[in-house]
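# Geometric and topological summary
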Amino acid sequence: MAPINLLPPQAHPQESRWQPKRYAEPPRPPYLDETMAEKEANALAAVYTLGIDSRKPKKTIERRTVEFQGGLAAWNRERGRRTSPYPRQFMRPSPDHIVELRPPAAYPNLTTSIAAKFVQTSVNKVRCPINVVKWTPEGRRVLTGCHSGEFVVWNGLTFNFETILQAHDSSIRTLAYTHSGDWIISADSSGVIKYFNPAMNNVAAWQGHGRGGGTADAAVRGLAVSPSDQHFATASDDQTIKIWAFGERREERALTGHGWDVKCVDWHPTKGLLVSGGKDNLVKFWDPRRTTELSTLHQHKNTVQTCAFSPDGLYCATGSRDQTIRVFDIRAMRDLIVLRGHQKEVCSLAWHPTHPLLASGGSSGSLLYHSLSHPTDPSSANPIWQMEYAHDSNIWSLAWHPLGHILATGSNDFTTRFWARDRPGRRAGGDKFHLGANANAIADGEGAMLVDEVGDEDEDAPIPGLGTAAPPFSRPSSAFPDRGPSFAPSFDGLPLPGLGGAPPGLPGLGGSGPPPGLPGLGGPPPGLGGAGAGDMAGAADRVSGRAARPLPSQEDMVRSVGAAPTGWGTKRGKRG
């Protein structure tokens, strides 16, 4: 018999729960192998010695990565050993739950799928509007169609540039993958339709709409593939919708019924049903085997620019220039709910692949999310989340990742942006995409702008419309060393020809009044409302906060800059 231990058990120190800390630290440079670094340095030195290549070595670029394979594999394991037919997973509001994050399909609450966190901005080297954005069927890459006729492929994990191809001679208006993922169908503004394989090789091309030669009524605005991949439909500005046999490249029939340009078309995910919208403010439903429409809806008051069936096929959403989104129940062919929130026209729509969540983009650059869990509830008319400053111009295209955790947007401001779910326990909405350009800097750098350009390693290149110029009077001027920081050569990003910048108060440049007096002119310029020089000097002082003093003469400015501006010469005389 074993002896009985009568001594009290020793108290073990209580182990503290693991708390994440790395997420709050600033980004670190990637690991650098000293051996590989030495080899690269020797090879680069040899290149410089031989004079073969004088380019500078590429600097290390830290990229954000949104990896989904880990959470997807864990969710598959959990589904294999579940004991309930209705498992319920919840996203805990704690930073340490990031390791337990699962795909959107694992959560019953659709608010966990709102892509409100900015991830990356990707810009082509040749800046042009992005008309269409599509994810590849496996979700590893993003294909964009540009106004210049180019296909640009971006990596879906690190969002860096992969390849570029001149696919069309005119602007690409629409493209679509077949459901099998074996083919890409694209169309441009001249009415040409092309087939591409996944390797971006052009297989076929023909004139689908118009008479050729880039006629004004030939632009193909919409393209939709049938569930069987045997047919596809195209909508054009020639007021027709054409049904094509995919394998034969043959037009089977033309659907006529719109009285003006047809702007969009979509095919039902499981049935032989088409929906189209046009410039005549009408939404029409078609049977692709007939030439007459099944039903016509007249609810919109302006051009219908986009339409999309829901993934379950029960609803159809349409966006119009009348600033509204209407959701129709195709079982009853009636208007179910009107979604509001856009201040300008609606340009694009995208249904979430797993949740009843609808994303919409407007011409003002706003990005809105609408919940349709209870479509008959009047409160569903308002968006559940909105980003008023997601882009600087029209959002032409939206595309959800096949898993639903990332949203890609293509805009008229030349950029493609990626948005993801925010981290658990973090409060979203504090960056400039929600609050505008006047938002305060985020302490942890979450709102920092990351830019990728095609073939351009200059990371300091500005993005169009983001206002990268420094604030007025924020740094000393090299052109006016004796003037101090009050004469910095920049004023709200508006240059003054020949002067390198503009002081406050000049008419038309954002100031509140004219300068206190121009030397040699004897007073303020005429036609400024008769205000006295003293009043104007006081207004300038209130704007800039500096002591009142006259502006330097043109001769002093030219002498300080070192060269006379264009247009100043001895023939016209000098201005004092």
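Residues numbered from 1 in each chain as written. Predicted model: local features only at pLDDT ≥ 70, side-chain atom pairs only at ≥ 80, totals over all residues. Heavy atoms only, no water.

Our focus in this paragraph is the nonpolar core. Core analysis: the biggest nonpolar cluster contains 18 residues, and Leu367, Tyr369, Leu398, Trp400, Leu407 and Trp419 have the highest contact counts within it. Going through the elements one at a time, β23 (357–362), β24 (367–371) and β26 (395–400) are the ones with two or more residues in this core. Tallying contributions element by element places β26 first for this core, with 3 residues. Setting aside residues no more than four positions away along its own chain, Tyr369 makes contact with Ile114, Ala115, Leu357, Leu358, Ala359, Pro383, Ile384, Trp385, Met387, Trp400 and Leu407. (Core = buried A, V, L, I, M, F, W, Y, C linked by side-chain atoms within 4.5 Å. Buried < 20%, exposed > 50% of the residue type's maximum accessible area, 1.4 Å probe, protein only. Helix = DSSP H or I, 4+ residues; strand = E, 2+ residues; numbered from the N terminus. Contact = heavy atoms within 4.5 Å.)

Bringing the pairing of strand β12 (residues 240–245) into the picture now. Extensive coverage of β12 is indicated by the burial of 6 of its 6 residues. Side-chain alternation along β12 places Thr240, Lys242 and Trp244 on one buried face and Ile241, Ile243 and Ala245 on a second face that is also buried. Relative to β12, strand β11 (residues 231–236) is paired through 5 bridges, and the arrangement is antiparallel. Counterpart to Ala233 in the pairing with β12 is Ile243. What sits between β11 and β12 in their antiparallel hairpin is a turn of 3 residues, with Gln239 showing a positive phi close to 70°. (Pairing = 2+ DSSP bridges.)

To continue, consider the environment of Leu403. Looking at where Leu403 falls in the secondary structure, it is placed in the loop between β26 and β27 (406–411). Overall, the relative accessible area of 23% leaves Leu403 in the partly exposed class. When the C-alpha positions of Leu403 and Ala105 are compared, they lie 7.5 Å apart, and in sequence the two are 298 residues distant.

With that out of the way, let us pick up the sheet that holds strand β9 (residues 202–207). Reading across from one edge, β6-β7-β8-β9 is the order of the 4 strands in this open sheet, with antiparallel pairing throughout. If you trace the sheet from one side to the other, it starts and ends with β6 (172–177) and β9, each paired once. Shown here is a sheet whose adjacent strand axes are inclined to one another by a mean of 15°, direction ignored. Bridging between strand β7 (residues 184–188) and strand β8 (residues 192–196) involves 4 bridges; their strand directions are antiparallel. Counterpart to Ala187 in the pairing with β8 is Ile193. (Axes fitted to C-alpha atoms, helices over the stretch in contact; angles between N-to-C directions.)

A few words on the pattern of salt bridges. Across all of its chains, the model carries 14 salt bridges by this definition. The shortest N-O distance in the salt bridge between Arg102 and Glu78 comes to 2.7 Å. Here Arg102, found in the loop between α2 (69–80) and β1 (117–123), pairs with Glu78, found in helix α2; they are 24 residues apart in sequence, far enough to count as distant. Overall, the relative accessible area of 6% leaves Arg102 in the buried class. Notably, a salt bridge pairs Lys263 with Asp237, separated by 3.8 Å at the nearest N-O pair. (Salt bridge = Lys/Arg side-chain N within 4 Å of Asp/Glu carboxyl O.)

For the rest of this paragraph, the subject is the side chain of Thr144. With respect to the secondary-structure elements, Thr144 resides in strand β3 (residues 141–146). On the accessibility criterion, Thr144 (0% relative accessible area) is buried.

Bringing the packing of aromatic side chains into the picture now. Following the criterion strictly, the structure yields 15 aromatic pairs and no others. On the numbers, 6.3 Å between centres and 75° between planes, the contact of Trp135 with Phe418 is edge-to-face. With Trp135 in strand β2 (residues 130–135) and Phe418 in strand β28 (residues 415–420), the pair connects residues that are 283 residues apart, well separated along the chain. Residue classification places Trp135 among the buried residues on the basis of a relative accessible area of 8%. Residue classification places Phe418 among the buried residues on the basis of a relative accessible area of 0%. (Phe/Tyr/Trp six-rings, centres within 6.5 Å; stacked < 30°, edge-to-face > 60°.)

With that settled, the discussion passes to the environment of Gln299. By secondary structure assignment, the location of Gln299 is in the loop between β17 (293–297) and β18 (304–309). Looking at Gln299, the relative accessible area reads 30%, which means it is partly exposed. Spatially, the C-alpha atom of Gln299 lies 9.7 Å from that of Arg334, the residues being 35 residues apart in sequence. The contacts of Gln299, once residues within four sequence positions are left out, are Arg326, Phe328 and Asp335.

This part is about the pairing of strand β5 (residues 161–166). Here 5 bridges tie strand β4 (residues 150–155) to β5, and the two strands are oriented antiparallel to one another. Across the sheet, the residue bridging to Phe151 is Leu165, located in β5. Linking two consecutive strands that pair antiparallel, namely β4 and β5, is a turn of 5 residues; a positive phi of about 65° is found at Phe159 within it.

Attention shifts here to a nonpolar patch on the surface. Taken together, the side chains of Trp18, Ile98 and Val99 define a hydrophobic patch exposed on the protein surface, amounting to about 320 Å² of accessible area. For Ile98, a relative accessible area of 38% corresponds to the partly exposed category. (Patch = residues over 30% accessible without salt bridge, like charges linked within 9 Å, V, L, I, M, F, W, Y side chains within 5 Å. Areas by Shrake-Rupley, 256 points an atom, 1.4 Å probe, with all protein chains shown as cover.)

For α2, spanning 12 residues, the distance from its first C-alpha to its last is 17 Å, which sits close to the expected 16 Å at 1.5 Å a residue. When α2 is considered as a whole, its buried residues turn out to be Gly71, Ala74 and Trp75. Projected down its long axis, α2 shows its buried positions confined to an angular sector of 100°, all on one face. In α2, the exposed residues that point more than 90 degrees away from the buried face are Arg77 and Gly80. (Expected span 1.5 Å × (residues − 1). Arc of directions from axis to C-beta.)

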